[in-house]
Amino acid sequence: MNKINDSAWKNEMKIRLDFNNMMTDFVGEHGISVEDIEKISDKIENAKKAMVEKRKNGKMDWRDLPYNQDEIVDDILSYVNEKKDKFEAFVVLGIGGSALGPIAVQQAINHPYYNELPREKRNGFPKLYVADNVDPEKLVYLFQTIDVTKCLFNVISKSGSTSETMSQFMIIKKMLDEKLGKDASEHIVCTTDKVNGNLVKIAKEEGYKTFIIPSGVGGRFSELTPVGLLAAAFCGIDIKAMLAGAAFMDEICKNDDIYKNPAFMYAILNYIGMEKGKNICVVMPYADSLKYISDWYAQLWAESLGKKYDNEGNIVNVGPTPVKALGVTDQHSQVQLYTEGPFDKMIVLMGVDKYKETIQIPESYKEIPSLGFLGGITQNQLIQTEQMATEYALMKSGKMNMTITLPEVNEFTLGQTLYMFEVATGFAGELMNINAFDQPGVEEGKNATYAFFGRPGYEEKKKELDSKPAKKDKFII
Ligand code: PA5
């Protein structure tokens, strides 16, 4: 994308947040007023200061990713250049923050049936698969689909100890060793911490090419590190444009005026909404290409903001519940609830000004009024009009909703979108006075798994599990 140096084009590509329908002026008593925002101005000022301080003190390293990766990007691009023709498929082994970003970006930018296209229609790039879950059926089916000897496996794990990812790695490594002998190492590339964890040690010992996840960047904030950039580049996605989009949004997010800063405003509206009992946040893109952005967002929002303790150690049990939906598909599934159900949620619609394709509906069945009106319009107009209509219906029934619009779905607008949601998450964490960057609730489940398997070092946890109340038969039908 050679337009990333063209400032007029970049301004044209600026994503927009329209929050009219969050406000009492439009949705009435269940909305947010300007006074509600003013009432928390001290909190907002403190959150702004904290964002600046934390960034300065190296506690938000993910904010610098758009600027400090020139060498890494060069390394990624030359590695992709050297390897891409040698493999039929690039397979990501990772979970959570190590998988959701690569999936979301691939789906947003590339053809929805990318893997089914002939290679020349993929511009010569390999297919992409992401194996995240440990569902045994899925992995076996993957092996039935790919030829492992023609794949490059990207093992992504910051900790290097995530059971799901490492078990997949162990299975695949054995297969590669058996089939390829000493050449197996050419089929594995690792993305992990520079010093900590098993994966970096294994990579060094076994001679795998390794890309580094900066130590101060947590999994769900890592899409703009090699976690996401390598997989994207292997599928021909312009990673420089993604980073340029993030940098563009970073400038916008430096604005102290909350009415000019979409990330801060997004967080503020969510925070006040939660205070008013709207704990559920539905993200509903009107574009299949953005469907998996909701998955990525759901992890970012839930894992960052769902917390038991506040920063002073008080038990607060707070957090929004993200819900994934897709427009227009879910108009025929969930929108009934959103429109007429309880006032417990806000809906974030995501729209696109210009879709990558246009398709005309033929002027047939003119004599049938309920079909005839469709003739001559485009599906583009239909989806956009349905989005407007849903927005209107939600507003009319007093349901808070806002719309994020991407002028187009491209690398530049996607970089902006990811970065905006990340800053919003950090800012929401500050408003909520919780640590948005840890995930102690996830650790409990991981530790229990280790203990069930008798992993050394988890003996105490095993005892705790052994003494848990026995299940009662009468509650099992
Ligand atoms: O956001 C997070 O930190 C998590 O979702 C992790 O990305 C996920 O648990 C995978 O961890 P790891 O990269 O250590 O394998």
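Keep in mind that what you see is a predicted model, and the values were worked out from it rather than measured.

Caption draft 1: View of the layout of surface pockets. Each pocket or cavity is described by its volume, and for the largest pocket that value is around 880 Å³. Along the walls of the largest pocket sit 26 residues, with P112, D288, S289, Y355 and E357 positioned nearest its centre. Top contributing element to the lining of the largest pocket by residue count: helix α16 (residues 379–396), with five residues. Counting residues domain by domain, the lining of the largest pocket receives three or more from each of domain 1 (7–39 + 242–432) and domain 2 (63–237).

Caption draft 2: Summary view of a nonpolar patch on the surface. Together, Y365, I368 and L371 give the surface a local cluster of nonpolar side chains, amounting to about 270 Å² of exposed area. Tracing the chain through its elements places Y365 in the loop between β11 (345–354) and α15 (369–372).

Caption draft 3: Structural view of the environment of K14. With respect to the secondary-structure elements, K14 resides in the loop between α1 (7–12) and β1 (16–18). When neighbours within four sequence positions are excluded, K14 is seen to be in contact with F248, I252, P407 and Q416.

Caption draft 4: Representation of the packing of helix α6 (residues 100–109) against helix α13 (residues 291–305) within the structure. The interhelical angle for the contact between α6 and α13, taken along N-to-C directions, is 155°, at an axis separation of 8 Å. Classified by the interaxial angle, the pair formed by α6 and α13 is roughly antiparallel. Regarding α6 and α13, the two cross each other, and that crossing is left-handed. Where α6 approaches α13, its residues L100, G101, I103, A104 and Q107 are matched on the opposing element by Y292, I293, D295, W296 and Q299. Residues belonging to the contact of α6 with α13 are distributed by class as follows: six nonpolar, three polar and one charged.

Caption draft 5: Just the site of the ligand, in detail. Taken together, the neighbourhood of the ligand is formed by 14 residues, with S157, K158, S159, T162 and Q299 sitting nearest. Interatomic distance of 3.0 Å between a backbone N/O atom of G97 and an oxygen atom of the ligand. A distance of 3.5 Å separates an oxygen atom of the ligand from a polar backbone atom of G219. Alone, the ligand offers 380 Å² of accessible surface; in the complex the protein occludes 90% of this. Among the residues making up the shell around the ligand, the classes are represented as one nonpolar, nine polar and four charged.

Caption draft 6: Representation of the pairing of strand β7 (residues 280–285) in the model. Most of β7 sits inside the fold, with five of its six residues counted as buried. The pairing of β7 with strand β10 (residues 321–324) spans four bridges and is parallel. Residue pairing for β10: C281 is matched across the bridge by P322.

Caption draft 7: Spotlight on the nonpolar core. The biggest cluster of nonpolar side chains holds 118 residues, and the ones touching the most others in it are I37, Y266, I404 and F421. At twelve residues, the largest contribution of residues to this core is made by helix α17 (residues 411–432). Among the domains, domain 1 (7–39 + 242–432) and domain 2 (63–237) are the pair contributing at least three residues each to this core.

Caption draft 8: View of the environment of T321. By the element assignment, T321 lies in strand β10. Residue classification places T321 among the partly exposed residues on the basis of a relative accessible area of 41%. Along the chain, T321 and N279 lie 42 residues apart, while their C-alpha atoms are 6.1 Å from each other. Setting aside anything within four residues of it in sequence, one finds T321 in contact with N279, I280 and C281.

Definitions and cut-offs
Residues numbered from 1 in each chain as written. Predicted model: local features only at pLDDT ≥ 70, side-chain atom pairs only at ≥ 80, totals over all residues. Heavy atoms only, no water. 1 Å grid on protein atoms, 1.4 Å probe; cavity = no way out; pocket = protein on both sides within 12 Å on 5 of 7 lines; lining within 4 Å. Points joined across faces, edges and corners; volume = space filled by probe spheres on them. Helix = DSSP H or I, 4+ residues; strand = E, 2+ residues; numbered from the N terminus. Domains from an automatic or database assignment. Patch = residues over 30% accessible without salt bridge, like charges linked within 9 Å, V, L, I, M, F, W, Y side chains within 5 Å. Areas by Shrake-Rupley, 256 points an atom, 1.4 Å probe, with all protein chains shown as cover. Salt bridge = Lys/Arg side-chain N within 4 Å of Asp/Glu carboxyl O. Contact = heavy atoms within 4.5 Å. Axes fitted to C-alpha atoms, helices over the stretch in contact; angles between N-to-C directions. Parallel < 35°, antiparallel > 145°, perpendicular 65-115°, else oblique. Left-handed = near helix turned anticlockwise from the far one by under 90°. Nonpolar A, V, L, I, M, F, W, Y, C, P; charged D, E, K, R; others polar. Near = heavy atom within 4 Å. Polar contact = N/O pair within 3.5 Å; in protein donor to acceptor, adjacent residues only side chain to side chain. Buried < 20%, exposed > 50% of the residue type's maximum accessible area, 1.4 Å probe, protein only. Pairing = 2+ DSSP bridges. Core = buried A, V, L, I, M, F, W, Y, C linked by side-chain atoms within 4.5 Å.

Geometric descriptors of this kind do not, in isolation, establish any biological role.
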